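# A closer look at the structure
Listed below, chain by chain, are the residues.
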Amino acid sequence: MVDAGSQLIQAFVATPEAPVFAPGGTFALSASGGASGNPVVFASLTPTVCQVQGSTVTMLTAGQCSLSADQAGNATYQAAAQVRLDVAIALATPELGWIDDISKVYGEDAFELPEPQSSSPGTFSFSSSDPAVATVSGRTVTLVGEGVTVLTATQAATANYTAAAIQVRLLVSARPNPAADPRVASGLQAQVDASVQFAQIQSGNIRDRLRQVRGGSVSNDFRFALTQAGGQGVPGLTLPKAAADSVMPRLPEGWGMWVAGSASFGRSGRTGLAGGGADFSSRGLTVGIDHAVHEQVLLGMAGSWARQDTDLDSSSSRLDADQRSLAVYGLWRVGGNLFVDGMLANGWLDFDSVRWNDLAQGSAQGQRSGQQWFGSLTFGHERHNPAGMALTSYGRYDWHRATLDGYSESGLGAFDLVYGRQRVVNNALALGVQGSFQLTRDWGSLRPHWTVEYRSALDNRGQATINYVMRPAASDYVLDLRSYNDDLLSLGAGMDLQLDSGWLFSLLLGHEQGRNAMRSNSIGLQVRYGQQGANAPMYSDAPGAQPVGGSARSCGGSSMRCNAPPGAQPGDRQQRRRKPALLFHRSPPCSARALVCLQQLVALQQLAQRLGVVGGVGQQAGGACTLHVAEQMIDEQGASRGTAQGRTGGDVGGRIGFAHAQCRAAQHGSAGQQLFDHRPGER
């Protein structure tokens, strides 16, 4: 019997020799067997690390994979001795993926970093290479300043994977120039415009009062107005005189008190950075008192309050503005047709602003105060003719200075702005023409009127300086602003309806057109009721004109009516001896003394003849003067001589004076009336 031979397993190797772990990854085994020819069988000695299927090893984890190789024997050869092979499965390097480089603007809110994509389940930690630019807590990045930093995501090693890291570049840009932000510019523009508009509105209210005085009214006047889209101050609703008397005591002669209230609604818009559109509404109240210190001079003072709300387009940005002011004003009548008026005021301003910021997705709030001085000086010329037409031409210089205090916003953190002290200057020259035409009817009168005015700024500036509250720029940002009150053409037209009952209805339409694409339209409605206050009675030579005093007698126009005051006595001449109020636009009355009256009549007739005027002013004044003569003779010598003088007046001044003499004779007894009734030929 022959003993079986031995056999060996050789070249037992793994391919690759040092595999790297991969989930489900494999590597191959190979070996050379002995002479028996039986196959070499591979097995895993560490089944938790690797498994063997045939000659393929599947990696379960990284680590040492122990493998064995065996070969069976046969009748000739013994089984081969087992061979062992240790294979080190290396840790895998994670495959990471993350975001692209990041760009931010300093001042934006903190943001969250996403986790990188990785084949490893290891946890991540994050860091910033420059904490002066950005800091990281967990995955939250907080911007600290402008600059560049590298954000690193580091993944911890695991049983099968090594540690790994991935980086991204973060660029933090400087905050934008706030002067280029339309909402910043529009908010500042609204402040500039509001300060100038407050001055224009209050100045307009006072100028309107002076216009009334020039027209003959120094009575108490209560007016309320409604306008649209930034029109000039216009008259409005006037309370009945009885209501005025119930509000305040009657003032001494020559004193006047007035109240004007207004509300306006509209829209403004401009081109350019400062051109964001805005809707606005405003309301105000002005109270004034004045005194005629001389026949040709009036002085007064007024206090006002106003508020304007502005909503900027396409955002929640808005501005609320308040103003209080005190003013002194005056009027000087230079001769019969020329006048000079002026006013000077000091005002206090308050602004509450809300500004929306897209980058921060929030709003900033701010409060600002200021002070202003403003005034105007007007030179004008008025012309009236007997036909009822009036034409006024004027030139006006408007002057405005406002100083707005510096202030800081709050609510946006790094996007909050600080505004420097700002000075607003607007000096403008206005040239205008006003015209009207009086149409007298039995029930009252109609007066269409119109206005054309052009305003041009001689000096118009309001430069603003801006910076950030946190980490301000080395130098302030500068924004050059101009108010709306420049290069404007203002057109106005309207119709006044005056009833004999004392009511006045007035419709006013206006339009303003600026070269900088700013337009505004206005509509106003005025309703007034009440007679004039007590003044020196006087006669007017203007057809349809009302006497200055409620007790005066009208002796002008083609329809003559004798309006003697109730309770008047024939011998009462005290009223007629009062001096005429030359401050107001009325023709001076004839003297109560017949001689002076006739002298004035002769002078007027001679002037009328030289001018070729047959009727007109001379004839009407002659009738009025003849009435004075007739009245005096009736009072002193009886109705018959009054009638005779009335006939003489008819020869000189026409039937106007004679009709007044007839009316006066009827009031002074039956004898005078009977004399007229029995002498029709002389009438």
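Model, not experiment: these values are computed from the prediction.

Of regular secondary structure, the chain possesses 7 helices and 35 strands. Looking at the chain residue by residue over its 683 residues, the buried ones come to 46%. Counting only contacts in the chain whose residues sit at least 6 apart along the sequence, the fraction spanning at least 24 positions is 64%. Surface exposure of the chain reaches about 31800 Å², of which carbon and sulfur atoms provide 56%.

To continue, consider the sheet that holds strand β32 (residues 477–479). Spatial strand order, β26-β27-β31-β32: 4 strands in an open sheet with antiparallel pairing. This sheet does not close on itself; its edge strands, each paired only once, are β26 (407–408) and β32. Pairing of strand β27 (residues 417–419) with strand β31 (residues 464–468), which is carried by 3 bridges, proceeds in the antiparallel orientation. Pairing of Tyr419 across the sheet is with Ile466, part of β31.

With that settled, the discussion passes to the side chain of Asn426. Along the chain, Asn426 falls in strand β28 (residues 422–437). Of note is the side chain of Asn426, whose polar atom sits 3.2 Å from the side chain of Asn460. Once residues lying within four places of it in the same chain are set aside, the contact partners of Asn426 are Val196, Asp398, Trp399, His400, Ala457, Asp459, Asn460, Ser483 and Asn485.

Right, let's get into the packing of aromatic side chains. Using the criterion set out here, one finds 7 aromatic pairs in the structure. Centroid distance Phe12 to Phe42: 5.2 Å. Interplanar angle 25 degrees. Geometry classified as stacked. Pair noted here: Phe12 is in strand β1 (residues 10–15) and Phe42 is in strand β3 (residues 40–44), with a separation of 30 residues, a long-range link. Accessibility expressed as a relative area gives 9% for Phe12, which makes it buried. Aromatic pair Trp98 and Phe126: ring centres 5.9 Å apart, planes at 35 degrees, arrangement tilted. Of this pair, Trp98 sits in the loop between β8 (96–97) and β9 (102–105) while Phe126 sits in strand β12 (residues 124–128); the two residues are 28 residues apart in sequence, bridging distant segments of the chain. No difference in accessibility class separates Trp98 from Phe126, as the two residues are buried. An aromatic cluster is built from Trp98, Phe124 and Phe126, whose rings are joined through pairwise contacts.

One open sheet accounts for 4 strands, arranged β1-β2-β5-β4; its pairing is antiparallel. Lying at the two open borders of the sheet, with one neighbouring strand each, are β1 and β4 (50–53). The average undirected angle you get between the axes of adjacent strands in this sheet is 20 degrees.

All right, on to the pattern of salt bridges then. Per the stated rule, a full pass over the model turns up 17 salt bridges. In this structure, Arg84 engages Asp86 in a salt bridge whose closest nitrogen and oxygen atoms are separated by 3.4 Å. On the basis of relative accessibility, which here comes to 54%, the residue Arg84 falls in the exposed class. The partner of Arg396 in a salt bridge is Glu453, and the shortest N-O contact between them spans 3.2 Å. Linking Arg396 in strand β25 (residues 389–404) with Glu453 in strand β30 (residues 444–461), this pair joins segments that are 57 residues apart in sequence. Like Arg396, the residue Glu453 is buried in the burial classification.

Taken residue by residue, the chain gives an average pLDDT of 75. The fraction at 70 or more is 66%. Across residues 529–599, confidence stays below pLDDT 50; counting only partners more than four residues off in sequence or on other chains, it has 154 contacts.

What follows is about the state of the cysteines. In this structure the tally under the stated criterion is 1 disulfide. One disulfide bridge connects Cys50 with Cys65, the sulfur atoms lying 1.8 Å from each other. On the sign convention where negative means left-handed, the S-S torsion of about 90 degrees between Cys50 and Cys65 marks this disulfide as right-handed. A residue pair is termed long-range when its members are at least 10 positions apart, and Cys50 in strand β4 and Cys65 in strand β6 (residues 63–71) qualify at 15 residues. Side by side, Cys50 and Cys65 carry an identical accessibility label, which is buried.

What follows concerns the nonpolar core. In terms of nonpolar packing, the biggest core is built from 33 residues, with Leu188, Phe351, Tyr419, Ile466 and Leu479 touching the most fellow members. Counting residues per element, the ones that place at least two in this core are α1 (182–214), β22 (318–334), β23 (338–357), β25, β27, β31 and β32. Looking at this core element by element, the count peaks at 8 residues for α1. Among all residues touching Leu188, those that are not within four sequence positions of it are Arg368, Tyr419, Gln422, Ala464, Ile466, Leu479 and Leu481. Membership of the second largest hydrophobic core comes to 22 residues, among which are Ile9, Phe42, Cys65 and Ile89.

A surface patch of nonpolar side chains, amounting to about 540 Å² of accessible area, comprises Leu391, Val433, Trp450, Val452, Tyr454, Leu489 and Leu491. Among the elements of the structure, β30 and β33 (488–499) are those that each provide at least two residues to the nonpolar patch. Examining the composition of the nonpolar patch, we find that 3 residues originate from one element, β30, more than from any other. Within the secondary structure, Trp450 is located in strand β30.

To continue, consider unusual backbone geometry. Residues other than glycine predominantly adopt negative phi, and peptide bonds predominantly adopt the trans conformation. Here Thr15 and Pro16 are connected by a cis peptide whose omega angle stands at 0 degrees. Within the element layout of this structure, Pro16 appears in the loop between β1 and β2 (26–32). At Ala11, a residue that is not glycine, the phi angle is positive and equals roughly 55 degrees. As for its placement among the helices and strands, Ala11 is situated in strand β1. The class of Ala11 is exposed, set by a relative accessible area of 52%. The phi dihedral of Arg471 falls on the positive side, at around 45 degrees, and the residue is not glycine. With respect to the helices and strands, Arg471 occurs in the loop between β31 and β32.

Right, let's talk about the environment of Gln82 for a bit. Here Gln82 shows up in strand β7 (residues 80–89). Sequence separation of Gln82 and Val41 is 41 residues, and the distance between their C-alpha atoms is 9.7 Å. Dropping the residues within four chain positions of it, Gln82 is found in contact with Ser68, Ala69 and Asp70. Polar contacts involving the side chain of Gln82 include one to the side chain of Asp70, which spans 3.0 Å.

A few words now on α1. Over its 33 residues, α1 extends 46 Å from the first C-alpha to the last, a length consistent with the 48 Å expected when each residue adds 1.5 Å. Across the 33 residues of α1, 31 count as buried, placing the element largely inside the fold. The N-terminus of α1 is capped by Asp181, whose side-chain oxygen sits 3.0 Å from the backbone nitrogen of Arg183.

Our focus in this paragraph is the environment of Val293. The residue Val293 is located in strand β20 (residues 278–294) in this model. A C-alpha to C-alpha distance of 7.6 Å links Val293 and Gly254, two positions 39 residues apart in sequence.

This paragraph deals with the environment of Asp3. Relative to the helices and strands, Asp3 is located in the segment before β1. Distance from Asp3 to Thr76, taken between C-alpha atoms, is 7.9 Å for residues 73 residues apart in sequence.

Cut-off values and rules
Along each chain, residues carry numbers from 1 onward, in the same order as the chain's sequence is written. A pLDDT threshold of at least 70 governs which residues receive local features in this predicted model, and a stricter bar of 80 or more applies before side-chain atom pairs are shown or counted, although totals over entire chains, interfaces and linings include all residues. Hydrogen atoms and water are omitted, and side-chain values are computed over all heavy atoms in the structure. Secondary structure counts use DSSP, requiring at least four H or I residues in a row for a helix and at least two E residues in a row for a strand, with both numbered from the N terminus. The classification of residues rests on relative accessible area computed with a 1.4 Å probe and restricted to protein chains. Under 20% of the type maximum is buried, over 50% is exposed, and intermediate values are partly exposed. Whether two residues touch is decided by their heavy atoms; if any such pair falls within 4.5 Å, the residues are in contact. Areas reported here follow the Shrake-Rupley algorithm with a probe of radius 1.4 Å; residue values treat only the protein chains shown as occluding. Strand pairing follows a simple DSSP-based rule, namely that at least 2 bridges must link the two strands. Here a polar contact means two N or O atoms within 3.5 Å. Within protein one must be a hydrogen donor candidate and the other an acceptor candidate, and residues neighboring in sequence count only if both atoms are side-chain atoms. Only Phe, Tyr and Trp rings are paired, with Trp represented by its six-membered ring, and only when their centres lie within 6.5 Å; those with planes under 30 degrees apart are stacked, over 60 edge-to-face, the remainder tilted. Between N-to-C directions, angles span 0 to 180 degrees; the directions come from axes that are lines fitted to C-alpha atoms, helices contributing only their stretch in contact. Criterion for a salt bridge: a side-chain nitrogen of Lys or Arg within 4 Å of a carboxyl oxygen of Asp or Glu. Scored between 0 and 100, pLDDT is the confidence that the predictor attaches to each residue. For the purposes of this analysis, a disulfide is any pair of cysteine sulfur atoms at a distance within 2.5 Å. Think of a nonpolar core as a cluster: buried Ala, Val, Leu, Ile, Met, Phe, Trp, Tyr and Cys residues, connected wherever their side-chain atoms sit within 4.5 Å. Candidate patch residues must exceed 30% relative accessible area and have no salt bridge, after which like charges are joined if within 9 Å and Val, Leu, Ile, Met, Phe, Trp or Tyr side chains if within 5 Å. By this rule, a helix spans an expected 1.5 Å times one less than how many residues it contains.

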